[in-house]
Amino acid sequence: MRPMTGKLVSLVAFAAMGVLAGGGALAKDEKPQKDSKEVQTAKKMHIMFTQQMGVHNDLELQEYVQRVGEKLAAVSERPELEWHFTIVDTDDVNAFATMGGYVYISRGIIPYFENEADLAAVLGHEIGHISAEHLKKQNTKSALSGLASAATAIFTGMPALADLTNMAGQAIISGYGREAELEADRLGASYLAKAGYDPTAMIHVISTLKDQETFERERARLEGREPHIYHGTFASHPDNDTRLQQAVAGAGKNAAAATGNLQNAEGFLHAIEGLPIGSSGHQGIVRDNRFYHADMQFTLAFPSGWQILNQPDKILAIAPQKAHVMEIRAQPPPADITDPSAFAARGLANRRVDRSESFESNGLKGWTGIIRGDPSPFGQSSNVRYIIIYYGNLMWIFKGASRTGTTTPSGDPFFLSTANTFRRMRANEFALARPQRLHIVRATDGTTMEELAKDSPIEKYPLQQLRLFNSLYPDGEPKPGELVKTVR
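Draft legend 1. Molecular detail of the overall build of the protein. Within the protein, the secondary structure is distributed over 13 helices and 17 strands. When the 488 residues of the protein are sorted by exposure, 57% land in the buried category. Nonlocal contacts in the protein, meaning residues at least 24 apart in sequence, comprise 68% of its contacts between residues at least 6 apart. Total accessible area on the protein stands at roughly 20400 Å², and carbon and sulfur atoms take up 49% of it.

Draft legend 2. Here's a closer look at the nonpolar core. L72, I105, I110, L119 and L123 are the most contacted members of the largest nonpolar core, which totals 65 residues. In terms of residues, this core owes the most to one element, helix α3 (residues 116-131), which gives eight residues. With residues near it in sequence (within four places) discarded, I110 still touches L61, I87, I105, F268, I272 and L275. In terms of nonpolar packing, the next biggest core, distinct from the first, is built from 24 residues, F291, A317, F415 and F422 among them.

Draft legend 3. Structural context of the sheet that holds strand β2 (residues 95-97). With respect to topology, three strands assemble into an open sheet ordered β1-β3-β2, the strand pairing being mixed. The strands lining the two open edges of the sheet, one partner per strand, are β1 (84-88) and β2. On average, each strand axis in the sheet is inclined to that of its neighbour by 20 degrees, with strand direction left out of account. Taken together, the five bridges between β1 and strand β3 (residues 102-106) define a ladder with parallel strand orientation.

Draft legend 4. Examining helix α10 (residues 340-347) more closely. Turning to α10, its buried residues number three or more, namely P340, F343 and A344. The buried residues of α10 occupy an angular sector of 100 degrees when the element is viewed end-on, so they sit on one face. Looking at the buried positions of α10, the neighbouring elements they touch are β10 (324-331), β12 (364-376), β13 (379-391) and β14 (394-402).

Draft legend 5. View of the environment of G476. Topologically, G476 is positioned in the loop between α13 (462-469) and β17 (483-487). Residue G476 is classed as buried on the basis of its relative accessible area, which comes to 18%. Remark: the alpha-carbon pair of G476 and T448, spanning 28 residues in sequence, is separated by 9.3 Å. Each residue touching G476, except ones within four places of it in the same chain, is listed here: M449 and R467.

Draft legend 6. View of the pairing of β14. Of all nine residues in β14, nine are buried, a share of seventy percent or more. Burial of the side chains of β14 extends over both faces: L394, W396, F398, G400 and S402 are buried on one face and M395, I397, K399 and A401 on the other. As judged from the seven bridges shared by β13 and β14, these two strands associate in the antiparallel manner. Across the sheet, Y390 pairs through a bridge with M395, a residue of β14. Joining the antiparallel neighbours β13 and β14 is a turn of two residues, in which G392 adopts a positive phi near 60 degrees.

Draft legend 7. View of the side chain of H56. Within the secondary structure, H56 is located in the loop between α1 (37-53) and α2 (59-73). In this view, H56 contacts L61, Q62, I87, V88, D89, R107, L275 and P276; residues no more than four positions away in its chain are not counted.

Draft legend 8. Structural view of empty space enclosed by the protein. Summed over all chains, the structure comprises one cavity of 30 Å³ or more. Considering only enclosed or pocket space, the largest cavity measures out at about 40 Å³ in volume. If you go around the largest cavity, you meet ten residues; those closest to its centre are V122, H125, M202, I206 and Y230. Of all the elements in the fold, those that place two or more residues in the lining of the largest cavity are α3 and α7 (201-223). Here the lining of the largest cavity takes four residues from α7, the largest share from any one element. Of the residues contributing to the lining of the largest cavity, the split by class is seven nonpolar, two polar and one charged.

Draft legend 9. View of the environment of P312. Looking at where P312 falls in the secondary structure, it is placed in the loop between β8 (307-311) and β9 (314-318). The class of P312 is buried, set by a relative accessible area of 3%. Along the chain, P312 and Q283 lie 29 residues apart, while their C-alpha atoms are 6.3 Å from each other.

Draft legend 10. Representation of the sheet that holds strand β15 (residues 423-424) in the model. With respect to topology, four strands assemble into an open sheet ordered β5-β6-β7-β15, the strand pairing being antiparallel. Lying at the two open borders of the sheet, with one neighbouring strand each, are β5 (285-287) and β15. Alignment of β5 against strand β6 (residues 290-293), held across three bridges, turns out to be antiparallel. Considered in β6, the bridge of R287 is made with R290.

What counts and what doesn't
Residues numbered from 1 in each chain as written. Predicted model: local features only at pLDDT ≥ 70, side-chain atom pairs only at ≥ 80, totals over all residues. Heavy atoms only, no water. Helix = DSSP H or I, 4+ residues; strand = E, 2+ residues; numbered from the N terminus. Buried < 20%, exposed > 50% of the residue type's maximum accessible area, 1.4 Å probe, protein only. Contact = heavy atoms within 4.5 Å. Areas by Shrake-Rupley, 256 points an atom, 1.4 Å probe, with all protein chains shown as cover. Core = buried A, V, L, I, M, F, W, Y, C linked by side-chain atoms within 4.5 Å. Pairing = 2+ DSSP bridges. Axes fitted to C-alpha atoms, helices over the stretch in contact; angles between N-to-C directions. Arc of directions from axis to C-beta. 1 Å grid on protein atoms, 1.4 Å probe; cavity = no way out; pocket = protein on both sides within 12 Å on 5 of 7 lines; lining within 4 Å. Points joined across faces, edges and corners; volume = space filled by probe spheres on them. Nonpolar A, V, L, I, M, F, W, Y, C, P; charged D, E, K, R; others polar.

This is how it looks when you write it as structure tokens:
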């Protein structure tokens, strides 16, 4: 997370910035005007998505993905667009496209790719959504900010926090339906063939992500949370999906003269060496129920069993069954204010505040109170616990809301106890703020996935996770001489 600017904000703050463009499809040789309405809309959405999700800060990897994407876009129905391919800095397994040439993949989906062809298959699928104008055909009147917020919430596996009336926001991340997804697969496979890749990479990568989905759904069920899955997979497994196989085979046949077998496994694996796994150090690291941020030098603990969602501009903590939600942001105060109570008095002027009091915790000054009629994920007029702590020349603003509670949120004890754990990091804790990273090794005669899992710092299901990363799920083993993804 990073500090925000501006006034003290509510839990839900959307600003209308325009509507999505509708309209018919462009012919391949039809040139859109520079900065058409479609492109203008896409640029505004790009700013929102990158602000809300963050951009992965590996410039070389970003450039590599951009080059692969441009190769595919050049043989698409929309080569005239200025294409942008962005790795967003989340560990969720997903990818999506908007319009006007803007495509996004998560940092978290990349380890599941075996080679460049797999990466190209997912990018091609998303290019297909833009070529077929699937978002534009939603013909939505939704405000862009609401759409971006809904899509971000669904992308990060928290659809209950989204505006679920925003159908376009849901479609961007969750998919446009079976027919549209199959069309995107068909188009993507044709781009693979024309760009020199084997179009069957589309089936291979969907098969790998289907295995991830199967494992993730079971894991999410056991952990009481929403599964994080890619919208490009379907109910049936690709091995049994006749229509998908026919679409991919047709793409290869129609582009037979251009079809190649480029995979570039070694180049791809070299490009992703050192990729952060899980939380990135730039945004802070979650270890069990404790959050560490080395750059800002703070740590705090959350209640056991809560899901911690680390976003670029805030931390969200979600209780089981989504009974309570807590949000934490950092905001620079006015130059003349260092006292949290004075900051609250100015920022919450004309608001109804009850149970206002100042406190000190871990040597830090704080203020807390209940704000009546404040927006929250549970309604536009909730009782919200505010806690403000001054640290590192910033005001740290905690806001807690619950599904139940009359004068006080039912989760109030959790909100207060969490804020009381906020403190400066100790010298021996900085090692805990370093991310786990992907490492490539070459298998020997004695290499087994079980041995690699024993040495892995992955806390939960390391064997299953490493097998998924290497397309060896559920029980495969590497062959001597093969390059294998590990985590260290």
